[in-house]
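Structural characterization, general
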Amino acid sequence: MQKLTSESKLEYLRGAIRLSGCDVRGFYTKYAERRRRREKNKMANLVEATTNQQFEEILKKAGERLTVVHFQAAWAPQCGQMNEVMAELAKQNTNSTFVKLEAEAVPEVSEKYEIASVPTFVFFKGGEKVDRVDGAHAPELTNKVQRLAVVGSPGGGAAETGTTDLNQRLKKLINAAPCMLFMKGSSQEPRCGFSRQIVALLKEHSIQFSSFDILSDEEVRQGLKIYSNWPTYPQMYANGELVGGLDIVKELAESGELENTCPKAVTLEHRLKTVINQSPVMLFMKGNKEAAKCGFSRQTLEILSSTGVDYDTFDILQDEEVRQGLKTYSNWPTYPQLYVKGDLIGGLDILKELKESGDLVSVLKGES
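In this text the structure is predicted, and so the values were computed from the model without any measurement. (Residues numbered from 1 in each chain as written. Predicted model: local features only at pLDDT ≥ 70, side-chain atom pairs only at ≥ 80, totals over all residues. Heavy atoms only, no water.)

Looking only at helices and strands, the chain has 16 helices and 13 strands in total. The burial tally for the chain puts 40% of its 368 residues in the buried class. Taking contacts inside the chain between residues at least 6 apart in sequence as the whole, the part at least 24 apart equals 64%. Of the roughly 20800 Å² that the chain leaves accessible, carbon and sulfur atoms contribute 50%. (Helix = DSSP H or I, 4+ residues; strand = E, 2+ residues; numbered from the N terminus. Buried < 20%, exposed > 50% of the residue type's maximum accessible area, 1.4 Å probe, protein only. Contact = heavy atoms within 4.5 Å. Areas by Shrake-Rupley, 256 points an atom, 1.4 Å probe, with all protein chains shown as cover.)

What follows is the structure, encoded as structure tokens:
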């Protein structure tokens, strides 16, 4: 049996309508309208928010269903690419809502959720932020959508898989650094008294640690209590093992055992020297090679890439300590900053001058 093509189906439909004596024009008008409605409904879960009120209404309407908000900018090409990814995710996850929001056009929302660069994706459930992805990372965005979209959905098999995936994720987070602190807020801005005390204690004893904000991820917040059988926060881990909360850390500090439990921090100067010499040519910029997050950084990447010389980048937006410390260390107040074999070359203007004079390649190779 031959399968009808869309054209042959349409021709067959025309003949049937004529034989029935129906109003052909009226039929096609209704047919086209129904088709438009179907197409519209297919992507009803992909919307745009242009005001704070509209944004709040979308979150309220979504309820406990996953809502993914893309904080974007029209001038950033990577945002357009990620919109294509999000449109595909919207087709695959019809029970989730996907929102496009111009970060600069709705500043009150961007400030509330601490949007420092685009693209940034923030995940919501029940009107509360549960996770985020900073940057144009399609695989990470896809994985988080798939994981968060099924959390709480019916079906024992899905729930069991979700628990296994969560445990694997928690294990990775716990082992993300030799000393990991799960707290409310960040080490720069603690959001509760207990978290503030434990951060102050670790800094006082020069303990090197990384932190995770449990307020940004409800799944981790609840899951870690069960995983480690410890019901409260903050929680500190050393080499993947639970140390305890504030009271335990206080006891370790008083007994002099805290330094033996956790690695001591290196000085900022030593850290900056290490990062600067990470590669013969190092660029400190906003963003990375794949996604520059300011015009100056984008221009610098274009110039460096045109030389054919290998170089590495460091995203200062991901590390406030390096961002502020490097300004003082090198006595250079702005970014981007380029280093060759540990020595500061300068910023965008210096690179432009070197390119115009024909000296750029030899400078990058350390020949002059």
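That was the structure; now back to the text.
Here we take up the packing of helix α13 (residues 295–307) against helix α15 (residues 348–357). Running from amino to carboxyl end, α13 crosses α15 at an angle of 30°, the nearest separation of the two axes being 10 Å. Viewed along their axes, α13 and α15 adopt a mutual orientation that is roughly parallel. Classified by chirality, the crossing of α15 by α13 is left-handed. Only Leu 348, Leu 351, Lys 352 and Lys 355 of α15 make contact with α13, whose side of the interface consists of Phe 296, Gln 299, Thr 300, Ile 303, Leu 304 and Ser 306. A class-by-class count of the residues in the contact of α13 with α15 yields five nonpolar, three polar and two charged. (Axes fitted to C-alpha atoms, helices over the stretch in contact; angles between N-to-C directions. Parallel < 35°, antiparallel > 145°, perpendicular 65-115°, else oblique. Left-handed = near helix turned anticlockwise from the far one by under 90°. Nonpolar A, V, L, I, M, F, W, Y, C, P; charged D, E, K, R; others polar.)

Another point: the pairing of strand β4 (residues 120–125). Most of β4 sits inside the fold, with six of its six residues counted as buried. Residue alternation in β4 divides its side chains into two sets, Thr 120, Val 122 and Phe 124 and Phe 121, Phe 123 and Lys 125, and both sets are buried. One ladder, built from five bridges, connects strand β2 (residues 67–72) with β4; its direction is antiparallel. Each bridged residue has a counterpart across the sheet, and for His 70 the counterpart in β4 is Phe 121. Sheet topology places β4 next to strand β5 (residues 128–134); six bridges connect them, and they run antiparallel. (Pairing = 2+ DSSP bridges.)

What follows is about the packing of helix α12 (residues 268–276) against helix α14 (residues 320–330). Between α12 and α14, the least distance of the axes is 10 Å, while the angle of their chain directions is 90°. Taken as axis vectors, α12 and α14 run roughly perpendicular relative to one another. Along its contact with α12, which presents Leu 268, Glu 269, Arg 271, Leu 272, Lys 273 and Ile 276, the element α14 presents Glu 321, Val 322, Gly 325, Leu 326 and Tyr 329. A breakdown of the residues in the contact of α12 with α14 according to their chemical character gives six nonpolar, one polar and four charged.

Along the chain, Lys 125 turns up in strand β4. Buried within the structure, Lys 125 lacks any salt-bridge partner; its nearest side chain of opposite charge belongs to Glu 64, at an N-O separation of 7.0 Å. Within polar-contact distance, the side chain of Lys 125 engages the backbone oxygen of Leu 148 at 2.5 Å. (Lys, Arg positive; Asp, Glu negative; His and termini not counted. Salt bridge = Lys/Arg side-chain N within 4 Å of Asp/Glu carboxyl O. Polar contact = N/O pair within 3.5 Å; in protein donor to acceptor, adjacent residues only side chain to side chain.)

Our next topic: α14. By the burial criterion, the buried members of α14 are Val 322, Gly 325, Leu 326 and Ser 330. An end-on view of α14 places all buried positions within 110° of arc, on one side of the element. Next to the buried residues of α14 lie α12, β10 (281–285), β11 (312–315), β12 (337–340) and β13 (343–346). Of the residues flanking the start of α14, the one acting as N-cap is Asp 319, its side-chain oxygen 3.2 Å from the backbone nitrogen of Glu 321. Backbone geometry just downstream of α14 places Asn 331 in the positive-phi region, at approximately 55°. (Arc of directions from axis to C-beta.)

Right, let's talk about the sheet that holds strand β8 (residues 235–238) for a bit. With respect to topology, four strands assemble into an open sheet ordered β7-β6-β8-β9, the strand pairing being mixed. Looking at strand neighbours, the two that pair on one side only are β7 (210–213) and β9 (241–244), the edges of this open sheet. On average, each strand axis in the sheet is inclined to that of its neighbour by 30°, with strand direction left out of account. Across four bridges, the pairing between strand β6 (residues 179–183) and β8 is antiparallel. From the neighbouring strand, Cys 179 faces β8, where its bridge partner is Ala 238. Strands in contact with helix α9 (residues 218–228) are β6, β7, β8 and β9; relative to β8, the strand with the most contacts, it is inclined by about 60°.

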